[in-house]
Amino acid sequence: MNLQIQSELEVRRINFEFPEQIERYWFGKSVFKTHLLNSLTILLPDIEQYLIHNIKNRIKQIGNPQLKQQAQAFIGQEAQHSQQHSKFWDNLHLFGYKFDSYLHSLRAILFKALESRLSISLNLSISAGIEHLTNLIAEYALESDFMAEAEPNLKQLFEWHAVEEIEHKTVVYDVFQNRTKNYLIRILGLFISNILVLFFLIWGLVILLYQDKKLLDRKVWQESIDFFLFKDKFFYRVLLNSRDYFRKGFHPSQKNNLFLI
């Protein structure tokens, strides 16, 4: 087995604090960008827990000591991500946002449908697909200085998370490959993961915009179209990212983005 693994990962114990005085539209006063990232910060903690569960279910069977160490560190990093992002939920609740039903649906799909009913191999494949997408998001956030106008505490949160996503980008893929190299399972996991993450990201965005009575706001629509289709071309980036994953000899280490760390 030819494992290509990052150098030793560090689990950083970080304690973010989000003052109550943070503005409602904390991302350069943009309603769209604020709620896009709010949606992500609502989505991520349970996504991270899903990833952790799947790696824990496999870690005892990993015979490669280096990969096992990486997997343990991955669990530590993702636990920190889940904990730190969920802290901002208190601020969102103070603003009056409600997302309990959203979380109930997300958890039902992640833990009652996928984790409980699908095979370990397919759950690992979905996890690897999620990591492939979040690596793209992290790369874009750091490469374009996307967070430049964000509130400083939240800018630091997302950029710290982005750095660690790139740092551990090979781990879940290698754990999946350690379990099985089945190409069809790998591609199926990518499809499920992309649909899952993008659906809940956009659904969360719609919920928050609706609660703010901004769902039909012309400026919000213009910014969203620019981000997803024209200026930032996020959906196009996702398609290109998926195309890379389709190559038989694909490995996450082949993407040269470590310099962004």
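Scroll up for the structure.
Thresholds, definitions, all that
Residues numbered from 1 in each chain as written. Predicted model: local features only at pLDDT ≥ 70, side-chain atom pairs only at ≥ 80, totals over all residues. Heavy atoms only, no water. Helix = DSSP H or I, 4+ residues; strand = E, 2+ residues; numbered from the N terminus. Buried < 20%, exposed > 50% of the residue type's maximum accessible area, 1.4 Å probe, protein only. Contact = heavy atoms within 4.5 Å. Areas by Shrake-Rupley, 256 points an atom, 1.4 Å probe, with all protein chains shown as cover. Lys, Arg positive; Asp, Glu negative; His and termini not counted. Charge placed at Lys NZ, Arg CZ, Asp CG, Glu CD. Polar contact = N/O pair within 3.5 Å; in protein donor to acceptor, adjacent residues only side chain to side chain. Expected span 1.5 Å × (residues − 1). Bend = angle between axes of the 7 residues up to and from the residue. Salt bridge = Lys/Arg side-chain N within 4 Å of Asp/Glu carboxyl O. Core = buried A, V, L, I, M, F, W, Y, C linked by side-chain atoms within 4.5 Å.

Describing the overall build of the chain
The secondary structure content of the chain amounts to 10 helices and 0 strands. Overall, the chain is about 55 × 40 × 35 Å in size when its C-alpha atoms are taken along their principal axes. Across the 261 residues in the chain, those meeting the buried criterion constitute 56%. Counting only contacts in the chain whose residues sit at least 6 apart along the sequence, the fraction spanning at least 24 positions is 84%. Accessible surface, the chain as shown: approximately 12,500 Å² in total, 55% of it carbon and sulfur. Taken together, the 30 basic and 28 acidic charged side chains of the chain have centroids lying 7 Å from each other.

Regarding the side chain of threonine 180
One can find threonine 180 in the loop between α7 (171-179) and α8 (183-211). A polar contact of 3.1 Å, which involves the side chain of threonine 180, links it to the backbone nitrogen of asparagine 182.

Brief notes about helix α4 (residues 100-117)
Over its 18 residues, α4 extends 24 Å from the first C-alpha to the last, a length consistent with the 26 Å expected when each residue adds 1.5 Å. Approximately 30° is the largest bend angle found in α4, and it occurs at alanine 108. Of the residues making up α4, those classed as buried are Tyr102, Leu103, Leu106, Leu110, Phe111 and Leu114. Taken together, the buried residues of α4 touch α1 (31-59), α3 (89-94), α5 (120-143) and α8.

Quick notes on the environment of asparagine 257
Structurally, asparagine 257 is set in the segment after α10 (234-246). Sequence spacing of asparagine 257 and asparagine 135 is 122 residues, and the spatial spacing of their C-alpha atoms is 9.4 Å. Apart from residues no more than four positions distant in its own chain, asparagine 257 is found in contact with Asn135, Glu139, Ile166 and Lys169.

Digging into α7
The buried fraction of α7 is high, at 8 of 9 residues. For α7, the set of buried residues is Val171, Val172, Tyr173, Asp174, Val175, Phe176, Gln177 and Asn178. For α7, the secondary structure elements touched by its buried residues are α1, α2 (65-87), α5, α8 and α10.

Quick word on the pattern of salt bridges
Pairing is possible between side chains that carry opposite charge, provided their charged atoms lie close to one another. The tally for this structure, following the rule as stated, stands at 8 salt bridges. Note that arginine 12 and glutamate 10 form a salt bridge whose closest N and O atoms lie 3.8 Å from each other. For arginine 12, a relative accessible area of 22% translates into the label partly exposed. Overall, glutamate 10 belongs to the partly exposed group, its relative accessible area being 45%. Through salt bridges with shared partners, a single network forms among Glu10, Arg12, Glu164 and Glu167.

A few points about the nonpolar core
If you look at the biggest cluster of nonpolar residues, it comprises 77 residues, and the most contacted ones within it are Trp26, Leu37 and Tyr102. At 14 residues, the largest contribution of residues to this core is made by α1. Aside from chain neighbours lying at most four places away, what touches tyrosine 102 is Ser39, Ile42, Leu43, Phe200, Leu201, Trp203, Gly204 and Ile207. Judged by nonpolar contacts, the second largest core, of 6 residues, contains Leu142, Val163, Ile166 and Leu260.

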